[in-house]
Amino acid sequence: MKNALDAFQERGFIEQVTDPDAVRTLLERPVTCYIGFDPTAKSLHLGSLVPIMSLAHMQRAGHRPIALVGGGTALVGDPSGKTEMRRIMSREEIEENAVGIKSQLSRFLDFSEGRAIMANNADWLVKLNYIDFLRDIGRHFSVNRMLAAESYRMRLETGLSFIEFNYMLLQSYDFLHLFRTYDSRLQMGGSDQWGNIVAGADLIRRVEGGNAYGITFPLITTASGTKMGKTHEGAVWLDPELTSPYDYYQYWMNQDDADVKRFLALFTFLPMNEVERLGSRKGADLRASKEVLAFEATKLCHGEEAAERARDASHRLFGGGASDADSVPTTGIDGEKLQEGVPAYILFEMSGLCKTRGEARRLITQGGGYVNNERLNAFDDRIDSLSLNGGSILLRAGKKRYVRVVPTPPDQAETG
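Quick look at the structure, then. (Residues numbered from 1 in each chain as written. Predicted model: local features only at pLDDT ≥ 70, side-chain atom pairs only at ≥ 80, totals over all residues. Heavy atoms only, no water.)

**Observations concerning the overall build of the chain**
For the chain, the helix and strand inventory stands at 19 helices and 15 strands. Expressed as a percentage of the 416 residues in the chain, the buried residues total 51%. The long-range share in the chain, meaning contacts at least 24 apart out of those at least 6 apart in sequence, stands at 72%. Approximately 19500 Å² of the chain is accessible, and the part contributed by carbon and sulfur atoms is 47%. (Helix = DSSP H or I, 4+ residues; strand = E, 2+ residues; numbered from the N terminus. Buried < 20%, exposed > 50% of the residue type's maximum accessible area, 1.4 Å probe, protein only. Contact = heavy atoms within 4.5 Å. Areas by Shrake-Rupley, 256 points an atom, 1.4 Å probe, with all protein chains shown as cover.)

Structure below.
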């Protein structure tokens, strides 16, 4: 089996490695590795997908991954990559979010029989005695070296709180704790975590005389230069209640042609020779490769059945077919209002296809608004119950964004 480090390099996962030769040697036998996940929302989003996929690759290569939920560090706040201090969360919020995160990670990792471990650093951080922590851990850190770290230097310009200044010590202690408890010798994470990872490895060397290593991943941007996982509507979430499997599928279908090969390597488990074959296609054939990317990515996140429904819905919609595809996002509207008729631009805003009525007016005026696949002539065309087709109305913005509107009893309209 290929060394995991070589597989990472081949697929484009690597930004930095603390000691490439030593890490390659380390990974020639089963090891335990970990990545921390921030539980500040009930769902992870697409920005977490590279770390998740890296843990899954490690497990497939025979290693044991630890998914560390930062329940303790979230009580402090990570300054890395941030321009201002995060909102301090309650323990109850963090615990609730951690439950949702484990459910999502279970799609990618096998937690049965200790094959992967889910840990929460609140279990050891909240029990620390502050004076003992300063004496035993804090004495190993140089303030000058800490201030030289990119995450701190960025924040010094806007203001770095004392509570955030402790974050590097806490994350380093996590590495030490997992080294002691699980013999975890490898920490991985985003490029903004480099300083914290190196500090943790150094702490292990100083306190335990052990060797520990780090790998960081690059910030993934699209060919257009936008941050991976960001759309005009906001983040793309891994929770199907926040981003439907259909919308998740469409996100991958909408990627730039130039990104297809790279994203097939990063976000699927297809062999690299297949990635090369699919990524080298041109023109209309490349759309078939995008379908493979969308299907494989959606299957990993939401399961094969959901991926098949999303693919079928996409085929029907783009073929101008049925408007009752179950996978298309659905929103309810007061049936009495619909009976009276609602101006199109207001309905597009109410359905969530457009953020504002002004945006909806511009969209429709420029010819990008459709009802049941018929282009609207004016932004204030009234849409009423006569437009119902099979009990719903299909709205479309541009070429690829759909919402199905269904009438509901008064005061019971909701999105589903």
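Picking up after the structure, the text goes on.
**Some words on the environment of phenylalanine 269**
Note on placement: phenylalanine 269 falls in the loop between α13 (260-267) and α14 (272-279). Taking relative accessible area as the criterion, phenylalanine 269 reaches 19% and is therefore assigned buried. The spatial distance from the C-alpha of phenylalanine 269 to the C-alpha of glutamate 296 is 8.2 Å, given a sequence separation of 27 residues. Dropping the residues within four chain positions of it, phenylalanine 269 is found in contact with Arg11, Met53, Ala56, His57, Arg60 and Leu300.

**Some remarks on the sheet that holds strand β2 (residues 32-37)**
If you trace the six strands from one edge of the open sheet to the other, you get β1-β6-β5-β2-β3-β4, paired in mixed fashion. Only two strands of the sheet have a single neighbouring strand rather than two, namely β1 (16-17) and β4 (117-120). Direction of pairing for strand β3 (residues 64-69) relative to β4: parallel, over a ladder of four bridges. Across the sheet, residue valine 69 finds its bridge partner in β4, namely asparagine 120. Contacting β2, β3, β5 (184-190) and β6 (213-217), helix α3 (residues 49-60) runs over the sheet at an angle of about 165 degrees to β2. Strand contacts of helix α11 (residues 194-208): β1, β5 and β6, with the helix running at about 170 degrees to β6, the strand carrying the most contacts. (Pairing = 2+ DSSP bridges. Axes fitted to C-alpha atoms, helices over the stretch in contact; angles between N-to-C directions.)

**Some thoughts on helix α12 (residues 245-253)**
The buried fraction of α12 is high, at eight of nine residues. Residues of α12 that are buried include every one of Pro245, Tyr246, Tyr248, Tyr249, Gln250, Tyr251, Trp252 and Met253, and no others.

**A short note on the pairing of β2**
The buried fraction of β2 is high, at five of six residues. Bridge analysis of β2 against β3 gives six bridges, and the strand direction is parallel. Note that in β3 the partner of tyrosine 34 across the bridge is isoleucine 66. At this point the chain moves from β2, through α3, to the parallel β3, and the crossover so formed is right-handed. Of the pairings in the sheet, the one linking β2 to β5 comprises three bridges and is parallel in character. (Right-handed = clockwise from strand over helix to strand, strands pointing away.)

**Examining the packing of aromatic side chains**
In this structure the tally under the stated criterion is eleven aromatic pairs. With 6.2 Å between their ring centres and 75 degrees between their planes, phenylalanine 13 and phenylalanine 217 make a pair best called edge-to-face. With phenylalanine 13 in the loop between α1 (4-11) and β1 and phenylalanine 217 in strand β6, the pair connects residues that are 204 residues apart, well separated along the chain. On the basis of relative accessibility, which here comes to 0%, the residue phenylalanine 13 falls in the buried class. For phenylalanine 217, a relative accessible area of 2% gives the class buried. Ring geometry for tryptophan 252 versus phenylalanine 263: centroids 6.2 Å apart, planes at 85 degrees, classification edge-to-face. (Phe/Tyr/Trp six-rings, centres within 6.5 Å; stacked < 30°, edge-to-face > 60°.)

**Re α1**
Three or more residues of α1 are buried, namely Ala4, Leu5, Ala7, Phe8 and Arg11. Down the axis of α1, the smallest arc covering the buried residues is 160 degrees, so these residues share one side. Phi for glycine 12, located one or two positions after α1, is positive at around 90 degrees. (Arc of directions from axis to C-beta.)

**Some thoughts on the packing of α13 against α14**
Viewed as axis vectors pointing N to C, α13 and α14 meet at an angle of 155 degrees, and their least axial separation amounts to 8 Å. One finds that α13 runs roughly antiparallel with respect to α14. For the pair α13 and α14, the sense of crossing is right-handed. Each of Lys261, Leu264 and Ala265 in α13 lies in contact with α14, whose residues at this interface are Met272, Val275, Glu276, Leu278 and Gly279. Each residue belonging to the contact of α13 with α14 can be placed in one class, and the counts come to five nonpolar, one polar and two charged. (Parallel < 35°, antiparallel > 145°, perpendicular 65-115°, else oblique. Left-handed = near helix turned anticlockwise from the far one by under 90°. Nonpolar A, V, L, I, M, F, W, Y, C, P; charged D, E, K, R; others polar.)

**Some thoughts on the environment of arginine 404**
With respect to the secondary-structure elements, arginine 404 resides in strand β15 (residues 401-408). Considering only alpha carbons, one finds arginine 404 and isoleucine 393, eleven residues apart in sequence, at a separation of 5.7 Å.

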